[in-house]
Amino acid sequence: MTLADILPSLRSSLPAHLEPGAWPPAARWGGRGELLVAGAGLAALAEAHGTPLYVLDEAAVRERCRAYAAAFGAENVAYTGKALLTAGVAGWVAAEGLGLYAGSAGEIRVALAGGVDPSRIVLYGSAKTPEDLAVARAAGVGAIVVESLSEITRLAATAPAGQRVLLRLLAGPAEGEAFGLRVGTGEAATAVARIAGQPGLRLAGLDCSVGHEIERFQRYETELRRIAEFSAHIHRAHGAAVGWVDLGGGHTDHDFALEAFAGRMRAMMTLESERRGVPAPRLGVSPGRAVVGRAGVTVYRILSVTARRDGRLLVATDGGMTDCPAAQCADRHTAVLVGRASVAPPVPATVLGRHNDPGDFVVPRLELPADVHPGDLLAVAGTGAYHHARASNFHLVPHPALLAVSAGRARTLLRRESIDDLLAREC
Ligand SMILES: Cc1ncc(COP(=O)(O)O)c(C=O)c1O
């Protein structure tokens, strides 16, 4: 219970409540409505760098890397770069001893630019292009994930001798349209036999992708049992133990009990392997969102405010679906005014973008001070994952800049894209 709950009259004179778990852990209010992330004021950053502006708390990202390393061992954790990848972020991940799951030639090259050891890069993807494979080969990536039968011969032809591969398993019954090798149809067993028949490839382990934003361990437990069963099949059929299992990512960026998860998965893997008389593999994970999601904040300038007849305010910002893709924003309700203190009572509001599109929400439902007006700055929490990474140039709107903040200072990781950048592609 907060002071404002006990004394409602205080509510409007206190800075907006920062929802626990939503903001970077070190976010706190400074004076005059300034919101500090890692000691850097968001309104001051917006004035200096323009809006929309992505701000990423370096310590928050590194702390998540360390938490994963402590739970699983750094050598067993690979950050999934598709959540957000710049050379700077790759550098933090590498400095914390993690590897990196890359889904394209671009992600491999940015990871290398950030200093990731190529032997710690895993290339995955249901449809790897010739460029992906060529860049992986030139870099000497540590492993490549096989996700279909048809790519095995292609990989054998293009990969360097001794290339380690992981098999993406689809172990469950509800496999849908997902890519990977189905266990139930015998496809996965065929893949193992085909890889064994390719002298240039070495089966290093198995991986799986359970889903997204999962809060419960049960989904992983079911998957783990199926993987253990399939590992035993490999042992029986080929006399080889599976040395490495990656359980993918998909953890929420809040309330996911990492230590408990790691302990439970390890204990289960040991038990399930013993039961089947096979050695337990080392257990890895490849989280994306859970590493960067909560570390990111986006700052917008409010450009218009319209009161609906029912009292709800429609607040339009200078960003929107181009920097905040619809799927990431549908359930969001966490944003606060920054840069000025308001004593106006909270009223229901909907924050929209600038794109005149039905999916152009930034925050569908929240409360903002009744005196919110054009020119105000709005900070939106939890935008580290899949925001910049999925940003588009719809309406030919350039991408925002991405700043890293640490110990009160800001550093530009990615400069703001300009319209000249867009025009530079015209031929
Ligand atoms: C190979 C791989 N690892 C991990 C993930 C999980 O990503 P996140 O943890 O961001 O949900 C995905 C997501 O699709 C993936 O494809």
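All of these numbers come straight from a predicted model, not from anything done at the bench. (Residues numbered from 1 in each chain as written. Predicted model: local features only at pLDDT ≥ 70, side-chain atom pairs only at ≥ 80, totals over all residues. Heavy atoms only, no water.)

Once that is clear, we can look at the domain arrangement of the chain. For the chain, the assigned domains read domain 1 (3-57 + 294-423) and domain 2 (58-292). Taking only C-alpha atoms into account, the centre of domain 1 sits 34 Å from that of domain 2. Listed as interface residues are 20 residues of domain 1 and, on the opposing side, 16 residues of domain 2. At the boundary of domain 1 with domain 2, total buried surface from both sides reaches about 1,500 Å², with 59% on carbon and sulfur atoms. Remark: the boundary between domain 1 and domain 2 carries 0 salt bridges. The tally of links from domain 1 across to domain 2 stands at 8 residue pairs in polar contact (both at pLDDT 80 or more). Going through the elements one at a time, β4 (53-57), β20 (401-406) and β21 (409-414) are the ones with two or more residues in the side of domain 1 that touches domain 2. Of the residues forming the side of domain 1 that touches domain 2, the biggest block, 4 residues, is contributed by β20. (Domains from an automatic or database assignment. Contact = heavy atoms within 4.5 Å. Buried area = accessible area lost by both parts, 1.4 Å probe. Salt bridge = Lys/Arg side-chain N within 4 Å of Asp/Glu carboxyl O. Polar contact = N/O pair within 3.5 Å; in protein donor to acceptor, adjacent residues only side chain to side chain. Helix = DSSP H or I, 4+ residues; strand = E, 2+ residues; numbered from the N terminus.)

Next up on the list: helix α4 (residues 87-95). Taken as a whole, α4 has its buried residues at Gly88, Val89, Ala90, Gly91, Trp92 and Val93. Its side-chain oxygen placed 3.1 Å from the backbone nitrogen of glycine 88, threonine 86 serves as the N-cap of α4. Following α4 by one or two positions, glycine 97 adopts a phi angle in the positive range, close to 90 degrees. (Buried < 20%, exposed > 50% of the residue type's maximum accessible area, 1.4 Å probe, protein only.)

It is worth spelling out the pattern of salt bridges at this point. In the structure shown here, the tally under the stated rule is 17 salt bridges. Glutamate 96 is the partner of arginine 62 in a salt bridge, and the nearest nitrogen-oxygen pair spans 2.8 Å. Highlighted residues: arginine 62 in helix α3 (residues 58-72) and glutamate 96 in the loop between α4 and β6 (99-102), separated in sequence by 34 residues. Three or more residues are tied together by salt bridges with common partners; here these are Arg225, Glu229, Glu272, Arg275 and Arg276.

It is worth spelling out the packing of aromatic side chains at this point. The description of an aromatic ring pair uses the distance of the two centres, along with the angle that the planes make with each other. Tallying each qualifying case throughout the model produces 6 aromatic pairs. A ring pair is formed by phenylalanine 72 and phenylalanine 261, whose centres lie 6.0 Å apart and whose planes are at 65 degrees; its orientation type is edge-to-face. Of this pair, phenylalanine 72 sits in helix α3 while phenylalanine 261 is found in helix α10 (residues 258-276), placing the two residues 189 residues apart along the sequence. Using a relative accessible area of 4% as the deciding quantity, one classes phenylalanine 72 as buried. (Phe/Tyr/Trp six-rings, centres within 6.5 Å; stacked < 30°, edge-to-face > 60°.)

The subject of this paragraph is unusual backbone geometry. Here the residue pair threonine 51 and proline 52 is connected by a cis peptide bond, since its omega of -10 degrees sits within 30 degrees of zero. For proline 52, the position within the fold is in the loop between α2 (42-49) and β4.

As for its position among the elements, arginine 301 is in strand β14 (residues 296-307). One polar contact links arginine 301 to glutamate 47, side chain to side chain, over a distance of 3.4 Å. Side-chain polar atoms of arginine 301 contact the backbone oxygen of glycine 375, separated by 2.8 Å. The contacts of arginine 301, once residues within four sequence positions are left out, are Glu47, Thr51, Ala316, Thr317, Asp318, Gly375, Asp376 and Leu377.

Let us now look at the pairing of strand β17 (residues 346-352). In the sheet, strand β15 (residues 313-317) pairs with β17 via 4 bridges, with the strands oriented parallel. Bridge pairing in β17 places alanine 316 opposite leucine 352. The sheet contact formed by β17 and strand β18 (residues 361-369) spans 6 bridges and is antiparallel. Bridge pairing in β18 places proline 346 opposite proline 369. (Pairing = 2+ DSSP bridges.)

What follows concerns the site of the ligand. Close contacts around the ligand come from 14 residues, with Lys82, Gly250, Gly288, Arg289 and Tyr386 the closest. A distance of 2.7 Å is found between an oxygen atom of the ligand and a side-chain nitrogen or oxygen belonging to lysine 82. Arginine 289 is positioned with one of its backbone polar atoms (N or O) 2.7 Å from an oxygen atom of the ligand. Summarising the interface, the protein chains cover 96% of the accessible area of the ligand, which totals 390 Å² for the free molecule. Counted by class, the shell around the ligand contains 4 nonpolar, 7 polar and 3 charged residues. (Near = heavy atom within 4 Å. Areas by Shrake-Rupley, 256 points an atom, 1.4 Å probe, with all protein chains shown as cover. Nonpolar A, V, L, I, M, F, W, Y, C, P; charged D, E, K, R; others polar.)

Strand order in the open sheet formed by 3 strands is β1-β2-β3, with antiparallel pairing between adjacent strands. Of all the strands in the sheet, just β1 (28-29) and β3 (40-41) have a single pairing partner and so form its edges. Across 2 bridges, the pairing between strand β2 (residues 35-37) and β3 is antiparallel. When the bridges of β3 are listed, valine 37 appears paired with alanine 40.

Here α3 crosses α10 at 30 degrees, and the two axes come no closer than 9 Å. The angle between the axes of α3 and α10 places the two elements in the roughly parallel class. Handedness of the α3/α10 crossing: right-handed. Of the residues in α10, those in contact with Arg64, Ala67, Tyr68, Ala70, Ala71 and Phe72 of α3 are Leu258, Glu259, Phe261, Ala262 and Arg266. Its residues placed into classes, the contact of α3 with α10 shows 8 nonpolar, no polar and 3 charged. (Axes fitted to C-alpha atoms, helices over the stretch in contact; angles between N-to-C directions. Parallel < 35°, antiparallel > 145°, perpendicular 65-115°, else oblique. Left-handed = near helix turned anticlockwise from the far one by under 90°.)

Turning next to the packing of helix α9 (residues 218-238) against α10. With their axes 10 Å apart at the nearest point, α9 and α10 run at an angle of 30 degrees to one another. Judged by the inter-axis angle, α9 sits roughly parallel to α10. Both α9 and α10 take part in a crossing whose hand is right-handed. Residues Tyr220, Glu221, Leu224, Arg225, Ile227, Ala228, Glu229 and Ala232 of α9 touch α10, and the partners they reach there are Phe261, Arg264, Met265, Met268, Met269, Glu272 and Arg276. Across the contact of α9 with α10, the residue classes break down as 9 nonpolar, no polar and 6 charged.

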